[in-house]
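# Understanding the architecture of this molecule
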Amino acid sequence: MSDFMIDGKDMPKPSDWLVNPKPMSSDAERLVGSGKMVIPYLTTAYEVTWTYKYLSSDDYDKLYDAYILSTIRNKSMYHTLTTKDSNSNKTLTLDIYTQSDFSAPLYRIKNGIRYYKDVKFVFVSLGGDE
């Protein structure tokens, strides 16, 4: 089993990765008498970034198919992501949704093979204390 997967399919290992926990709250307020901040905790969502310095067309196609094309095929925005946690080096499995701002710069085409440079895949979890 790989440390980097989308929907149970092995993905190329990123050059680097970052896991940002985003604790979420609702209706934060200050108490009238003391001014103390009261912040009710709701959940923690995670933002995961996989960065690839260079990707061959084969590796790019694997990622693109699992993340973008499967969304179109299945008409579902939801995926399961497995990643190494940059904060603990443990494996983390999250329910995520497809981001609409995906882009990947084509670096060059050499001998008919596409190469991509500085590609970032950003994944956002659904939250709900998975």
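Residues numbered from 1 in each chain as written. Predicted model: local features only at pLDDT ≥ 70, side-chain atom pairs only at ≥ 80, totals over all residues. Heavy atoms only, no water.

### Some words on the overall build of the chain
Along the chain, the regular secondary structure elements total one helix and 10 strands. Overall, the chain shows an N-to-C arrangement of helices and strands of β-β-β-β-β-β-α-β-β-β-β. By the compact-globule yardstick of 14 Å for 130 residues, the chain is too spread out, its C-alpha radius of gyration being 18 Å. Projected onto its principal axes, the C-alpha positions of the chain cover 70 × 30 × 30 Å. Every one of the 130 residues in the chain was classed for burial, and the buried ones make up 33%. Pairs at least 24 apart in sequence give 64% of the contacts found in the chain among residues at least 6 apart. Averaging the positions of the 16 positive and the 17 negative side-chain charges in the chain gives two centres separated by 6 Å. (Helix = DSSP H or I, 4+ residues; strand = E, 2+ residues; numbered from the N terminus. Rg over C-alpha atoms; globule rule 2.2 N^0.38 Å. Buried < 20%, exposed > 50% of the residue type's maximum accessible area, 1.4 Å probe, protein only. Contact = heavy atoms within 4.5 Å. Lys, Arg positive; Asp, Glu negative; His and termini not counted. Charge placed at Lys NZ, Arg CZ, Asp CG, Glu CD.)

### Examining unusual backbone geometry
The backbone of Asp 27 shows a phi angle near 55 degrees, a positive value even though the residue is not glycine. When you line up the elements, Asp 27 lands in the loop between β3 (16-25) and β4 (29-30). Taking relative accessible area as the criterion, Asp 27 reaches 64% and is therefore assigned exposed. Phi at Asp 118 is positive, roughly 55 degrees, even though this residue is not glycine.

### Brief notes about the confidence of the model for the chain
For the chain, the average pLDDT comes to 92, and 98% of its residues sit at 70 or higher. Highest mean pLDDT in the chain belongs to strand β1 (residues 5-6) (98); lowest belongs to β4 (92). (pLDDT = per-residue confidence, 0-100.)

### With respect to the nonpolar core
Ranked by internal contacts, the top residues of the largest apolar core, which has 21 residues, are Ile 6, Trp 50, Leu 55, Phe 121 and Phe 123. Going through the elements one at a time, β6 (41-56), α1 (57-74), β8 (91-97) and β10 (113-125) are the ones with two or more residues in this core. Looking at this core, the element that brings in the most residues is α1, giving five residues. Those residues in contact with Phe 123, other than ones at most four positions away along the chain, are Ile 6, Tyr 46, Glu 47, Val 48, Trp 50, Tyr 67, Leu 81 and Ile 96. (Core = buried A, V, L, I, M, F, W, Y, C linked by side-chain atoms within 4.5 Å.)

### Section: α1
Of all bends in α1, the biggest is about 45 degrees, found at Asp 65. When α1 is considered as a whole, its buried residues turn out to be Ser 57, Tyr 60, Leu 63, Ala 66, Tyr 67, Ile 68, Ser 70 and Thr 71. On the buried face of α1, the contacting elements are β1, β6, β7 (78-84), β8 and β10. With its phi angle positive at about 50 degrees, Lys 75 sits one or two positions after the end of α1. (Bend = angle between axes of the 7 residues up to and from the residue.)

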